[in-house]
Structure formats: C-alpha cells, structure tokens
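# Architecture and fold: a report
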Amino acid sequence: MSILSELDFVSALNDDTKLSIQILYRDFLSARQLKPRLGQKQMIAGVANILSRIGDEGKAPCGFIEAGTGTGKTLAYLIGALPVALEREMPLVISTATVSLQTQLIEKDIPDLIDATGLSVNWALAKGRRRYLCPVRLESALDAVNEESGLYPDELALVLDSDERMLVDGLSRAWIEGSWAGDMDQVPDQLTDTVRAALTTDHRRCQGRQCRSFQICPYFTARESWLDADLLVVNHDLLMSDLKLGGGVILPPLEKTILIIDEAHQLSRVAANQFTDHVRIAQSLGAIKTIERVLTTVRSVLPESHRIRNEVERVPGSLDLLARQLADWGRQTLEQMQGYPESEFAFQNGGSRYRLRLNDQMSLPEREGEAAVQIINRLQKILDWLKGISVQGGDEISETDAEGLAEQLGLAMGRLESIPLVADRMSRPCIEQGDARWVRVGQDVRYATQDDPTDLEFWVSPMSPAAALKEAIWGRIGACVLTSATLAHQQTFDVQASSLGLMDFSSLIVDGAFDYARQGRLVIPQQSGDPRDELAHPQKVNDYLESRVDSGLGILVLFTSWRLLMRVQELMSEQLREVVLVQGQLTLSSLLDTHETQRRDGYTSILFGLQSMAEGLDLPGDLANEVVITRLPFQPPDDPREATQAEYLKIHGRDPFREMSIPAATIRLRQAVGRLIRSETDTGQVTVLDRRLVDTSWGRSLMSQLPSFRLEM
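Calculation notes
Residues numbered from 1 in each chain as written. Predicted model: local features only at pLDDT ≥ 70, side-chain atom pairs only at ≥ 80, totals over all residues. Heavy atoms only, no water. Helix = DSSP H or I, 4+ residues; strand = E, 2+ residues; numbered from the N terminus. Rg over C-alpha atoms; globule rule 2.2 N^0.38 Å. Buried < 20%, exposed > 50% of the residue type's maximum accessible area, 1.4 Å probe, protein only. Contact = heavy atoms within 4.5 Å. Lys, Arg positive; Asp, Glu negative; His and termini not counted. Charge placed at Lys NZ, Arg CZ, Asp CG, Glu CD. Phe/Tyr/Trp six-rings, centres within 6.5 Å; stacked < 30°, edge-to-face > 60°. Lys NZ or Arg CZ within 6 Å of the ring centre and 35° of its normal. Axes fitted to C-alpha atoms, helices over the stretch in contact; angles between N-to-C directions. Left-handed = near helix turned anticlockwise from the far one by under 90°. Nonpolar A, V, L, I, M, F, W, Y, C, P; charged D, E, K, R; others polar. Core = buried A, V, L, I, M, F, W, Y, C linked by side-chain atoms within 4.5 Å. Pairing = 2+ DSSP bridges. pLDDT = per-residue confidence, 0-100. Polar contact = N/O pair within 3.5 Å; in protein donor to acceptor, adjacent residues only side chain to side chain. Salt bridge = Lys/Arg side-chain N within 4 Å of Asp/Glu carboxyl O. Disulfide = S-S within 2.5 Å. Expected span 1.5 Å × (residues − 1).

### Topic: the overall build of the chain
Summing up its helical and strand segments, the chain has 27 helices and 19 strands in all. A compact globule built from 713 residues would reach a C-alpha radius of gyration of about 27 Å, and the chain, at 28 Å, matches this within 12%. Overall size of the chain, expressed as C-alpha extent along the three principal axes, is 85 × 65 × 55 Å. When burial is assessed residue by residue, the chain has 54% of its 713 residues classed as buried. Contacts spanning at least 24 positions in sequence make up 80% of the contacts within the chain whose residues lie at least 6 apart. Across the chain, the mean location of the 74 positive side-chain charges is 3 Å away from that of the 100 negative side-chain charges.

### With respect to the packing of aromatic side chains
Scanning the entire structure with this criterion turns up 16 aromatic pairs. Ring geometry for Tyr 132 and Tyr 219: centres 5.9 Å apart, planes at 55°, overall tilted. On the criterion of sequence distance, the pair formed by Tyr 132 in the loop between strand E3 (123-125) and helix H6 (135-145) and Tyr 219 in helix H9 (residues 218-227) is long-range, its members being 87 residues apart. Accessibility assignment for this pair places Tyr 132 and Tyr 219 in one class, buried. Centroid distance Tyr 219 to Trp 226: 6.1 Å. Interplanar angle 85°. Geometry classified as edge-to-face. Of the two residues, Tyr 219 and Trp 226, both sit in the buried class. Members of the aromatic cluster, connected to one another through ring pairs, are Tyr 132, Phe 214, Tyr 219, Phe 220 and Trp 226. If you follow Lys 127 out to its NZ or CZ, it ends over the ring of Tyr 132, 5.4 Å from the centre.

### A word on the packing of helix H13 (residues 309-337) against helix H16 (residues 419-426)
As a packed pair, H13 and H16 sit with axes 14 Å apart at the nearest point and diverge in direction by 35°. Here H13 runs over H16; the crossing is left-handed. Of H16, the residues touching H13 (which contributes Leu 322, Leu 326 and Trp 329) are Ile 419, Val 422, Ala 423 and Met 426. Its residues assigned to classes, the contact of H13 with H16 shows 7 nonpolar, no polar and no charged.

### Brief notes about the nonpolar core
If you look at the biggest cluster of nonpolar residues, it comprises 49 residues, and the most contacted ones within it are Trp 329, Leu 379, Ile 382, Leu 386, Leu 409 and Val 439. For Leu 379, the residues in contact, after removing those within four places along its chain, are Ile 291, Leu 295, Val 315, Leu 409 and Met 413. Ranked by size, the runner-up nonpolar core spans 44 residues in total, among them Ile 250, Leu 482, Leu 487 and Leu 500.

### So, the sheet that holds strand E4 (residues 231-235)
The 7 strands are arranged E3-E4-E2-E5-E11-E1-E12 in an open sheet whose pairing can be described as parallel. Each end of this open sheet is capped by a strand with a single partner; those strands are E3 and strand E12 (506-510). For this sheet the average axis-to-axis angle between neighbouring strands, irrespective of direction, equals 15°. Pairing of E3 with E4, which is carried by 3 bridges, proceeds in the parallel orientation. In the sheet register, Trp 123 faces E4, and the bridge partner there is Leu 231.

### Overview of the sheet that holds strand E19 (residues 710-712)
Pairing is parallel across the open sheet formed by 7 strands, whose spatial order is E15-E16-E14-E17-E18-E13-E19. Bordering the open sheet on either side are strand E15 (580-582) and E19, each of which pairs with just one other strand. Averaged over all pairs of adjacent strands, the angle between their axes in this sheet comes to 20°, without regard to strand direction. Both strand E14 (residues 554-558) and strand E17 (residues 626-629) contribute to a ladder of 4 bridges, which runs parallel. The partner of Leu 558 across the bridge, within E17, is Ile 629. The strands touched by helix H23 (residues 588-600) within the sheet are E14, E15 and strand E16 (605-609), with E16 carrying the most contacts at an inclination of about 155°.

### A few points about the confidence of the model for the chain
Residues with a pLDDT of 70 or more make up 93% of the chain, whose mean pLDDT is 88. Counting interchain partners and residues more than four positions distant, the pLDDT-below-50 stretch residues 445-450 has 5 contacts.

### Side note on the side chain of Asn 235
Looking at the element boundaries, Asn 235 is found in strand E4. Using a relative accessible area of 9% as the deciding quantity, one classes Asn 235 as buried. Here Leu 238 takes part through its backbone nitrogen, which lies 2.9 Å from a polar atom of the side chain of Asn 235.

### With respect to the environment of Leu 78
The topology assignment puts Leu 78 in helix H4 (residues 73-88). Measuring from C-alpha to C-alpha, the distance between Leu 78 and Val 47 comes to 9.1 Å, with 31 residues separating the pair along the chain.

### Notes on the environment of Ile 524
Here Ile 524 lies in the loop between strand E13 (520-523) and helix H20 (536-546). Separated by 167 residues in the primary sequence, Ile 524 and Arg 691 have C-alpha atoms spaced 7.0 Å apart. Contacts of Ile 524, omitting those with residues within four sequence positions, involve Val 688, Asp 690, Arg 691, Leu 693, Val 694, Leu 711, Glu 712 and Met 713.

### Quick notes on the packing of helix H24 (residues 640-651) against helix H25 (residues 656-673)
Where H24 meets H25, the axes come as close as 8 Å, and the angle between the chain directions of the two elements is 145°. Residues Glu 642, Gln 645, Ala 646, Leu 649 and Lys 650 of H24 touch H25, and the partners they reach there are Pro 656, Glu 659, Met 660 and Arg 668. Taken together, the residues that form the contact of H24 with H25 break down as 4 nonpolar, 1 polar and 4 charged.

### Structural notes on the pattern of salt bridges
In total, this model carries 46 salt bridges according to the counting rule given. For Arg 425, the salt bridge is made with Asp 424, and the minimal N-O distance between the two is 3.0 Å. Residue classification places Arg 425 among the partly exposed positions, given a relative accessible area of 23%. Here Glu 659 makes a salt bridge to Arg 658, at a shortest N to O gap of 3.9 Å. Look at Glu 659 and you get partly exposed, because its relative accessible area is 23%. The network of salt bridges with common partners includes Glu 311, Arg 314, Glu 370, Arg 378 and Lys 381.

### Here we look at the environment of Pro 663
Note that Pro 663 resides in helix H25. Spatially, the C-alpha atom of Pro 663 lies 9.7 Å from that of Phe 634, the residues being 29 residues apart in sequence. For Pro 663, the contacting residues outside a window of four places in its chain are His 489, Val 495, Phe 657 and Arg 658.

### Section: the side chain of Arg 599
Mapped onto the elements, Arg 599 comes out in helix H23. No salt bridge is formed by the buried Arg 599, whose closest oppositely charged neighbour, Asp 622, lies at an N-O distance of 4.6 Å. Here Asn 625 takes part through its side chain, which lies 3.2 Å from a polar atom of the side chain of Arg 599. With residues near it in sequence (within four places) discarded, Arg 599 still touches Gly 552, Leu 553, Gly 554, Thr 604, Ser 605, Asp 622, Leu 623 and Asn 625.

### Regarding the state of the cysteines
Counted according to the given criterion, the structure contains 0 disulfides. Of all cysteine sulfurs, the one in Cys 211 lies closest to Cys 134, which takes part in no disulfide; the gap is 6.2 Å. The closest cysteine sulfur to the non-disulfide-bonded Cys 217 is located on Cys 206, 6.1 Å from its own sulfur.

### Quick look at helix H15 (residues 399-414)
Three or four residues apart is the spacing at which side chains of an α-helix point the same way, because the helix has 3.6 residues per turn. Here H15 contains 16 residues, and its C-alpha end-to-end distance of 22 Å stays within 8% of the 22 Å for a straight helix at 1.5 Å per residue. Among the 16 residues in H15, 13 count as buried, and that is most of the element.

If you want it as structure tokens, here you go:
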C-alpha cells in the first residue's frame, strides 16, 4: 500500500488539501530517505481531521493528540496543518513550552521541512518585549555608564558594575554599527539579570507607537514580520499574555487562527501563572512615592489654566490616603496572623507564606477618599498627556523629559493596578469561585522602617485557569490542536480538558515508535523505601548511588525538592561527589557539555536535577543509560493552588488525591521516564527508589500508565 493511501482522512477535508498533505509527506520522506512511521501517519491524519471541521456549526474544532516518544510529532503537525492553513488563508500559530523549543522549530524543524519539500511559506519567531533591546532604555543605561543624569532623576535606573558597563558599551556600539539587531537571545555574552533589566522594557513602560524610537525598535520591527507570516512560532507565556490583554493584541486575531499547542501538558500551569495577581505593600508604597515625584515635576511646569492641572492637583491627596490604607492593611494582617500556629506557614524564598482557607478574609481597611481604581483612571489621563507630548511636542515640557516621566509613571501605575482585584478577593470568602489566596511575609530592606520592617505580599490566583481560558480562547479560536507525549490519564483526556475549561473536543492517542519491552527495564530495588521517612530515605538514595559510582554509565537522577537533593549531597562520599554534576552549579549548557565530555571519555557521570530536567531534556545514547527517580513526583502539599483546589474538592465531597494528585503525578512520572529511551537504538533502565509504586493499589495503577518496560523487583 502506498504512503498516500495509508493516510486516513475524513471526507470533509477538501480533496486538493488532502493531496497536498499526502504529497508533502511523501516528498519529505523521499528527500531525507526515510521510511514512513505508522504513528506519524496517524497523527498527520488526526491533525488534518480536526482542522477539516473548521466552520462547522459555528463551533471551533479542538482536539487532543497524545503522541508517544519517537512519533515525530513536530513534523506530523506541520504537515497535517500547514496545507489546511494555506488553503484557508489562516495563520498557523504554534505555541511551545519554552523559548528553546521555539528555537528548535525555527532553526531546525521548519527549515528542514521547507528545504526537503520546496514548500513556499513565510514563518517568523514571536517573543515578548523582554527578549528585545529597548533603544530608550539603552540611552538610559549609557547615561549610567557615562555617569550622566537627565533633568529628572530616574529612580528605576539600575546600578551597573564595571563588567556590566563594558558589556552595555559593547552592545551599544554593535547596535549603532548594525552588527546586532537588538535580539537579546543573540548576544554571545552571558547577560546578567541587571543588564537585561537595564536594556529591556515591559508593556507598562513601553510607549508603543508614541515612542520616539518606535521606527527603529527591534520588538516592533519583529512584530511587523509577524503580520505577514503564514506560520508563527510563539511560547505559552506569550500566548497567555496576549489572551490576558484580550486576544489578538500581540498575535493574530484568534478567530482567524489555527493554533497548535505543543507540550500542552504545561499549558494549565503557565495559564494559572499568567492569570495570577499580587500586591506588594512595600513596592506599592515605593510606586506611590515615584508617582508623587513625577506629579511634583509636572505641577512645576504647568500653567494654572492647563486642562490637566485638575488631575495633577487632586491625585496626591488621594495617593496619600491610599498609602495609609495599604500600610494599615499590612499592619492589620500581621496582627491577624500573629495568633496562627507556626505549622500554618511554609518557608519560601527567604520569607514565609500563609495560605488563606476558602472562608478566610484579610480585608483592606475602609477609608475616606477615592478608590484605587479611580486614582488609576486619573493617573491614566496624565500618562496619556505625557505620551502625547513625547510624540507631538508641547510648550510645557520637552519631548525627552515627557518620555522619561511617562516611563516612570507607567511602571509605577502598573504596580498599583492589581490593588482593586486583589483587595476584593482578599476581603471576602472564596468558597464558590475557589480562588487560591496567600500572603507572603519577608524582609525588604529598601523600604524597611523601625515601625514596620515587614514586607507583605498579597497573592490571588485561580486554583484552575479553566474559567479564564474558557472565556478567553475556546469559544473564539479558529481551530486548535493540543499535543504532547504525555496528556492522557487512564486513556482519556478528561483531566486535562477540565483543567483547561475545554468542554467540546476530539481525541487521539498515538503509540510511540519504540519497543520498550526490548529496550528498557523498570527496576524497583529491594532497598527502596517509603520517601515519607525523611530521615531514612536520603540515606537509601545515597546508598543506591554509591553502588553506581563504578558503573561506567550516564545516569540522570531526578529529585522532587531541593531539600532532598541537598540532603543526599551532604551524605555523599568523596568518590561519588567527584562524578556528580548538580543542576544550578553551572548553566544547563555547561552542565550538559561537562556530562557529555565525561561520558565520551568513558567515565561514570551522574546528573542531579529537579522536575525541570524531567521535561524536554534530550540525553540520547550513553548520556542516559539510567534514569533514577528518587520519589514519585507528587506536588509539594504546601503549593497554594493545589492545596486550595484540594480544600475545594473536599468541601464538595470529592477526593482530591484521586482527582488531582494521581493524574498530575502520572504526567510528571511519564515525562521523567521518557528521558531514558530517545531513539530506536537506546537501551537502559529506569530505577524508582519509592516502594509505593508497587506496594499500594494507587501506585500499581500509576505504574500501568508507564511504557511497557520489563519489570524487575
């Protein structure tokens, strides 16, 4: 049977489009001298079949496709979707989990397809503002390098050390000479956070089309290419940012877009982060001081009869009342928490965190005066006026000074705009909508005073982004395919669909291309124990790793927490310490280069990493002969969203362990196990140092979701 006839399409797909897909696949295989893969053909047809329903009954066709490792899913969704998108003149937007995966698509996968087939398609890579140079910020950074100051001091300017000054100076010359286009990811040197922050901007400070540097701005120049692209590659963060702005603001209009969401198992987490809001008391008070300084400057140059004078005069008094209200909120909250037992708090990044129960309240004290939303509306009028001057000029203030003041005012306003929503959610029980809410208590020396040295942050997040996504995307998108190697639980997509708010969808599970029973084994050593024994378990992990020191293997060891990783490090012998490479001690690229060198020279090399190394890390061949899972990857019990959702389910008589914990742990475990077999020639073993996998009924159920390795106990 020919390749063409083996692709099983539904009849609703246009015959010419079917043929285009079939020829595209045939030409690629022929050019690369490859054989067709059954799973890849199934996925190509699955993608095309979902897209064939575009326009049916006014519903946006959406579907899940789980494609096992080795399917070649990137090529499959490109071949299945591109001819449909071109025929319908709809942009194809591919969203990936990380910028590194974006880069792989742009630099390898897409050019490879086009070179092999001669397909005519325009494509572009879309990234956020922080990935591009801001020419205005570069000027400010150069002023800092040259120790110059403008008419109005910029409290947002960052202090650069001598090496950072040299780097900024070098980048400035490259920008002026045209040897660097302003893409921060193409800077050969390692950028510090300080330099990146000094040279880039965000949507709050960006002046957009009103900026005097708009015509040469790398970000907006890049955005022009996005408009003409048949194929646009983005990441989940940028996709969610666009949705939060209303959709179709940064990216093409949703209604005209075919969207492929790769690594879709990460979408819920990214969406929840994007729809999270917080108020930091100290930062808000600092922003108020910045606004007051800007308004003082503006007031000094405005004539009495100026139309904006009324706003400038009224705001400072309202800001003062707001500052007092915020300070009272912080003090009142501290007093409220003083009676709570220490066990209610979780340590986090140098501070502690308290999660509010669903019926808890930490109300913003009531005060006379304008509400925060009214203050922000008045400030917006002043900001619009400053932006207008920066473009059109004015008699009261120079264009450059107006631009600098607008930048400071915009950023400061951005630090206040979450106050109304956060205060509302904190001030009433959230039993019905189930918002996750928490307070972080820490020290901030910049704003510390003897009277109130504590810096508080109030956080509000949907425990699940389902409601937000249901409104923002699923009823509007032209069509969507969600894919990953790990999406299904118990052969269904109900858990993922529920977390994303997607009610109407099709589904397909495509088996991977590898013979797991022949290529690998799953080992649960007898000395493995219960990781809930926090004293004994680190020692058991260490004892096992000590037995592998002379193995001559490449081993990836995955931990669920820094705490366990560091405890095992403390127990290691000097011999084991010499062959261990720990995530965070070097950059990831340097870490992997060192690991590869050690393996090439025939030495044992053991990588220690957290969950982030369990996804997307490619260690083919002898780079990973063994993957060691130190404990089953359940989310820490103090995660505020997970804990709130568990509380919500319990209140409604449901089982959070069965509905939440097991499905999430299954996805994470499958991702971790997937690091072992990366090609048809790879062999090795997965070692699980957690006896619960075989000693409990839920563990055995979880194990049944893993690839069909040979089991050794």
